[in-house]
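Single-letter residue listing:
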Amino acid sequence: MVENFIKILNKAKKEKYAIPQFNINNLEWTRYILEECQQNKSPVILGVSEGAKKYIGGYDVVSQMVKSLIKDLKITIPVVLHLDHGSSFDSCKNAIDSGFSSVMIDASSHSLKENIYITKKVVKYSKRKKVSVEGEVGYIGGTEDGVSNISLNAKVEDCIEFVNKTNVDALAPALGSVHGLYKGEPNLDYETMNKINNLIKIPLVLHGGTGIDDEKIKKAIGNGISKININTELQIEWSKAVRSFLNKDLEVYDPRKIISSGEKAIKEVVRNKIILFGSIGKGA
Ligand code: 13P
């Protein structure tokens, strides 16, 4: 069973910790993440970008794969299957119809008015199916799925208007974090984060979790962040481990050995984030 994030994120907001969103790319990564989160009794949000969905085969494949892994691995922690940066109503609808329990509609490249209009439409469709919705205000730049963009920080009044008019379940305000690797030090606007957190009731989401040091992450959680997305760090650590394995054994050709040579690295990132975010034991 997959569930929406409303209950687990509201609890995290109240008790001041964050739930990790780990992005998945294939069956193996999904298994490693589920096993490590189960081991540490942490709720988990599995993020699926449109690029990853296409790579894996489609929304149905992803949905069946995650649900089958939960069943066969006897996973008992809360697991959310979440579309990351859904680019349109249709994309969100397709994910929901395939059994995703949560979607992010990212209409942040549009005007605020347009963003509200599209997000509202997704919320209306999702509510009927008990699916949670995350929206974005401002624009979180950086590089994701090979596409690079410039950031635009969110304004407090836009966030309030957006949340009031759309009725989303979580909000990702762009406040200085970026996807992929940072050029220089991440510069998060904690003051605005805190203001938004005090003025709206729903949980806040931090995208671009890779490359933000532990102290800054803790400060973000202290200022109201309840969901943190990690993607690039998993990719970097997995690639490093696989590269070193291949360099050591020039004869290896079994794909199971090659892919799983990165298992330990992925599980280590997952465990460290669960401890850092404070979600350890919260999914018992
Ligand atoms: P990173 O790739 O920087 O970890 O960001 C992930 C993310 O925000 C997914 O939406």
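Each value, and the rule that gives it
Residues numbered from 1 in each chain as written. Predicted model: local features only at pLDDT ≥ 70, side-chain atom pairs only at ≥ 80, totals over all residues. Heavy atoms only, no water. Helix = DSSP H or I, 4+ residues; strand = E, 2+ residues; numbered from the N terminus. Rg over C-alpha atoms; globule rule 2.2 N^0.38 Å. Buried < 20%, exposed > 50% of the residue type's maximum accessible area, 1.4 Å probe, protein only. Areas by Shrake-Rupley, 256 points an atom, 1.4 Å probe, with all protein chains shown as cover. Lys, Arg positive; Asp, Glu negative; His and termini not counted. Charge placed at Lys NZ, Arg CZ, Asp CG, Glu CD. Arc of directions from axis to C-beta. Contact = heavy atoms within 4.5 Å. Near = heavy atom within 4 Å. Polar contact = N/O pair within 3.5 Å; in protein donor to acceptor, adjacent residues only side chain to side chain. Nonpolar A, V, L, I, M, F, W, Y, C, P; charged D, E, K, R; others polar.

## Here's the deal with the overall build of the protein
Inference 1: A tally of regular secondary structure across the protein gives twelve helices and ten strands.
Inference 2: For the protein, whose C-alpha radius of gyration is 18 Å, the value lies close to the compact-globule estimate of 19 Å for 284 residues.
Inference 3: Expressed along its principal axes, the backbone C-alpha trace of the protein runs to roughly 60 × 40 × 35 Å.
Inference 4: Here the protein holds 284 residues, and the buried ones make up 56% of them.
Inference 5: For the protein, the computed accessible surface area is about 13,200 Å², with 52% contributed by carbon and sulfur atoms.
Inference 6: Charged side chains in the protein number 40 positive and 34 negative. The centres of these two groups are separated by 6 Å.

## Description of helix H8 (residues 190-199)
Inference 1: Residues of H8 that are buried: Tyr190, Thr192, Met193, Ile196 and Asn197. On an axial view of H8, the arc spanned by its buried residues comes to 160 degrees, and they lie on one face. Along H8, the residues that are exposed and aim more than 90 degrees away from the buried face are Glu191, Asn198 and Leu199.
Inference 2: Packing partners of the buried residues in H8 comprise helix H1 (6-15), helix H7 (156-166), strand S8 (170-173), strand S9 (204-206), helix H9 (214-222) and strand S10 (225-230).

## Brief notes about the site of the ligand
Inference 1: Taken together, 14 residues form the shell around the ligand, and within it Asp84, Gly208, Thr210, Asn231 and Thr232 come nearest.
Inference 2: At a separation of 3.3 Å, an oxygen atom of the ligand approaches a polar side-chain atom of histidine 85.
Inference 3: With the chains in place, 99% of the 310 Å² that the ligand exposes on its own is no longer accessible.
Inference 4: Elements that contribute at least two residues to the shell around the ligand include exactly strand S3 (79-86) and S10.
Inference 5: Looking at side-chain class alone, the shell around the ligand contains two nonpolar, ten polar and two charged residues.

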